[in-house]
Amino acid sequence: MGISVKARHLPQRVAAAAIILDSGIGKLSADEETAERLHGFASGTYPFLKKLKPAQFVRMLAVSEIALGTALLVPVVPAALAGAGLTAFSSGLLGLYVRTPGMRKKGSPFPTQQGITLAKDVWLVGIGLGLVLDDLTDR
C-alpha cells in the first residue's frame, strides 16, 4: 500500500479533517443534556435514529466523525473513498438543514440566522464531491 494522496488534495483533506476530528473528539465527552439535544435534533429529521438512546447516538456520531476525519488525513486512503465518506456524511448534515423548520427563509433555499450553522456545511459536500470526481477522472 503506497501513499495515494495528491498534493492538490491536501488543503481540502486537512481542512475538512480538522473540523470533523475536532467535532468528533468533542462529542466523546458530551454530557447527558448535550446528547439529548443532539439526538432530538437528529431524530426529528431522521426518525430511525429514535431507536437509539441519546448517549448511544452521540457515541456513534463521535466515533464516525473521528473515523472520517482520520480517513481524510491518512495518505493510503484513496481520495475517492475519503471523498465518498465525506459526501455521505455532509449530505446528512445538509438534510438536517433542508428538513428542519426555521433553518431556511420561507420559500427560499437561503438560510435564516439559525440555519447558517448547517448551511455552511455545503462546503464539505463540495470538497467530498471534488475528491471523488478528481480521483475518478484522473485515471
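Residues numbered from 1 in each chain as written. Predicted model: local features only at pLDDT ≥ 70, side-chain atom pairs only at ≥ 80, totals over all residues. Heavy atoms only, no water.

Asker: Account for the packing of helix 1 (residues 10–28) against helix 3 (residues 54–73), naming residues and giving values.
Answerer: Direction vectors running N to C along helix 1 and helix 3 enclose 155°, while the axes themselves pass 8 Å from each other. As judged from the angle between their axes, helix 1 and helix 3 are roughly antiparallel. Between helix 1 and helix 3 the crossing geometry is left-handed. Of the residues in helix 3, those in contact with Arg 13, Val 14, Ala 16, Ala 17, Ile 20, Leu 21, Ser 23, Gly 24, Ile 25, Lys 27 and Leu 28 of helix 1 are Val 58, Arg 59, Leu 61, Ala 62, Glu 65, Ile 66, Leu 68, Gly 69, Thr 70, Ala 71, Leu 72 and Leu 73. Its residues placed into classes, the contact of helix 1 with helix 3 shows 15 nonpolar, four polar and four charged. (Axes fitted to C-alpha atoms, helices over the stretch in contact; angles between N-to-C directions. Helix = DSSP H or I, 4+ residues; strand = E, 2+ residues; numbered from the N terminus. Parallel < 35°, antiparallel > 145°, perpendicular 65-115°, else oblique. Left-handed = near helix turned anticlockwise from the far one by under 90°. Contact = heavy atoms within 4.5 Å. Nonpolar A, V, L, I, M, F, W, Y, C, P; charged D, E, K, R; others polar.)

Asker: Lay out a negative patch on the surface with the relevant residues and their values.
Answerer: Residues Asp 31, Glu 32, Glu 33 and Glu 36 make up a contiguous surface patch of negative charge. As for its placement among the helices and strands, Glu 36 is situated in helix 2 (residues 32–45). (Patch = residues over 30% accessible without salt bridge, like charges linked within 9 Å, V, L, I, M, F, W, Y side chains within 5 Å. Areas by Shrake-Rupley, 256 points an atom, 1.4 Å probe, with all protein chains shown as cover. Salt bridge = Lys/Arg side-chain N within 4 Å of Asp/Glu carboxyl O. Lys, Arg positive; Asp, Glu negative; His and termini not counted. Charge placed at Lys NZ, Arg CZ, Asp CG, Glu CD.)

Asker: So what's going on with the packing of helix 2 against helix 4 (residues 79–99)? Which residues, and what values?
Answerer: For any two helices packed against each other, one specifies the inter-axial angle together with the distance between the axes. One way to put it is that helix 2 packs onto helix 4 with a least axis distance of 9 Å and a crossing angle of 75°. By the criterion of interaxial angle, the relationship of helix 2 to helix 4 is roughly perpendicular. The segment helix 2 lies against helix 4, with Phe 41, Ala 42 and Thr 45 engaging Gly 95, Leu 96 and Arg 99. Grouping the constituent residues of the contact of helix 2 with helix 4 by class yields three nonpolar, two polar and one charged.

Asker: Residue-level account of the pattern of salt bridges, with values.
Answerer: Taken as a whole and assessed by the stated rule, the structure comprises five salt bridges. Asp 134 is the partner of Lys 6 in a salt bridge, and the nearest nitrogen-oxygen pair spans 3.8 Å. Separated by 128 residues along the polypeptide, Lys 6 in the segment before helix 1 and Asp 134 in helix 6 (residues 122–137) bring together distant segments of the chain. On the basis of relative accessible area, Asp 134 is assigned to the partly exposed category, the value being 22%. (Buried < 20%, exposed > 50% of the residue type's maximum accessible area, 1.4 Å probe, protein only.)

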